[in-house]
Amino acid sequence: MTAYQRPILLVHRDRELLIAASGARLLLALSEAQSRSGTAHLVLTGGSMGSAILAGAGASGLLGLVDWSRLHLWWGDERYLPAGHPDRNDTQNRAALLDTLPLDPTHVHAVAGPELSTSVHDSAQQYAGQLAAAATPGQSLPDFDILLLGVGPDAHVASLFPGHPSLSVTERAVMGISDSPKPPSERVTMTFPTLARATQTWFLVSGADKADAVKRSLAGAPTNQAPAGTPHGRQRTLWLVDAAAAGQVAAPA
Ligand code: 6PG
């Protein structure tokens, strides 16, 4: 890990402030990425925080900073359920903000559900194809500007769970999982090499029930026990947390 990649822990007084600050931070970072390279690629996530940050962005006075027609959206993982299902990450993200934005529908890269694929593995393969088609010239994947990740109380990240064989998959960009320990059992997830492709990786964590997972991930626990400790941004890794989630991390001296 380079000094650039060393995670920075940003503790916010409470969940509300975390959501508002992260939403505004996201808009600033996307507008910076667009100024630099025209188009920005953002990887979204599920869970309550994955949608809360979008709601925070929507409530921010900075919403107008981003050119939504020049934003590509991806998902780090998705539950293998039909489009529009309330438990899908993209459905929740749409309800939180996306449906109100003038996005280019061809830039919204949703994971295929059972109605558009023959199996969770076929869906994963289709997604890998979408990623390859949008790859940066000379690369096999797009360069993501910002990757958002939630963290489970068991320190899982995306749909990569402690002790699961998916943790050691490196030869595929995306994989289908049919035995997720957390329902639904069928999911599509980016693998670690793909989760390592972002310029900036942001973890969004709120609540005392996550404090142990935050502590173990930041303390360098083995990937097999704390998968969330593994993904790093190529330039920046931020842990955006509230005080409750930071409750077991020692304050800087
Ligand atoms: C899932 C969940 C899960 C979630 C984390 C963080 O796919 O089953 O969405 O991965 O993202 O548990 O959840 P919170 O954002 O609610 O803390």
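The coordinates are above.
Throughout what follows, the structure given in this document is the object of discussion. (Residues numbered from 1 in each chain as written. Predicted model: local features only at pLDDT ≥ 70, side-chain atom pairs only at ≥ 80, totals over all residues. Heavy atoms only, no water.)

Pairing in this open sheet of six strands is parallel, and the strands run β1-β9-β8-β5-β2-β3 from one edge to the other. Both edges of this open sheet fall to β1 (8-12) and β3 (71-75), since each of them pairs with a single strand only. Neighbour-to-neighbour, the strand axes of the sheet open up by a mean angle of 20°, direction not taken into account. Of the pairings in the sheet, the one linking strand β2 (residues 40-44) to β3 comprises five bridges and is parallel in character. The partner of H41 across the bridge, within β3, is H72. (Pairing = 2+ DSSP bridges. Helix = DSSP H or I, 4+ residues; strand = E, 2+ residues; numbered from the N terminus. Axes fitted to C-alpha atoms, helices over the stretch in contact; angles between N-to-C directions.)

On to the nonpolar core, then. Counting residues in hydrophobic clusters, the biggest one holds 65 residues, and the most contacted among them are L26, L30, L42, L73, L148 and W202. It is helix α1 (residues 15-37) that provides the largest number of residues to this core, a total of seven residues. Contacts of W202, omitting those with residues within four sequence positions, involve S22, R25, L26, A29, I53, I146, L147, L148, L149, L238 and L240. (Core = buried A, V, L, I, M, F, W, Y, C linked by side-chain atoms within 4.5 Å. Buried < 20%, exposed > 50% of the residue type's maximum accessible area, 1.4 Å probe, protein only. Contact = heavy atoms within 4.5 Å.)

Here we come to the packing of aromatic side chains. Applying the stated criterion across every chain yields a total of three aromatic pairs. Ring centres of W74 and Y127 lie 5.9 Å apart, and the angle between their planes is 75°; on these two criteria the pair is classed as edge-to-face. One end of the pair, W74, is in strand β3; the other, Y127, is in helix α4 (residues 120-133), with 53 residues separating them in the sequence. Note on accessibility: W74 and Y127 belong to one class, buried. Each ring, one from F203 and one from W239, has its centre 4.1 Å from the other, and the planes form 15°; the classification is stacked. Here F203 is found in strand β8 (residues 198-205), whereas its partner W239 is found in strand β9 (residues 236-242), with 36 residues between them in sequence. As far as burial versus exposure is concerned, F203 and W239 are alike and both buried. Three or more aromatic residues joined by ring pairs make a cluster, and in this case those are W74, Y127 and F144. (Phe/Tyr/Trp six-rings, centres within 6.5 Å; stacked < 30°, edge-to-face > 60°.)

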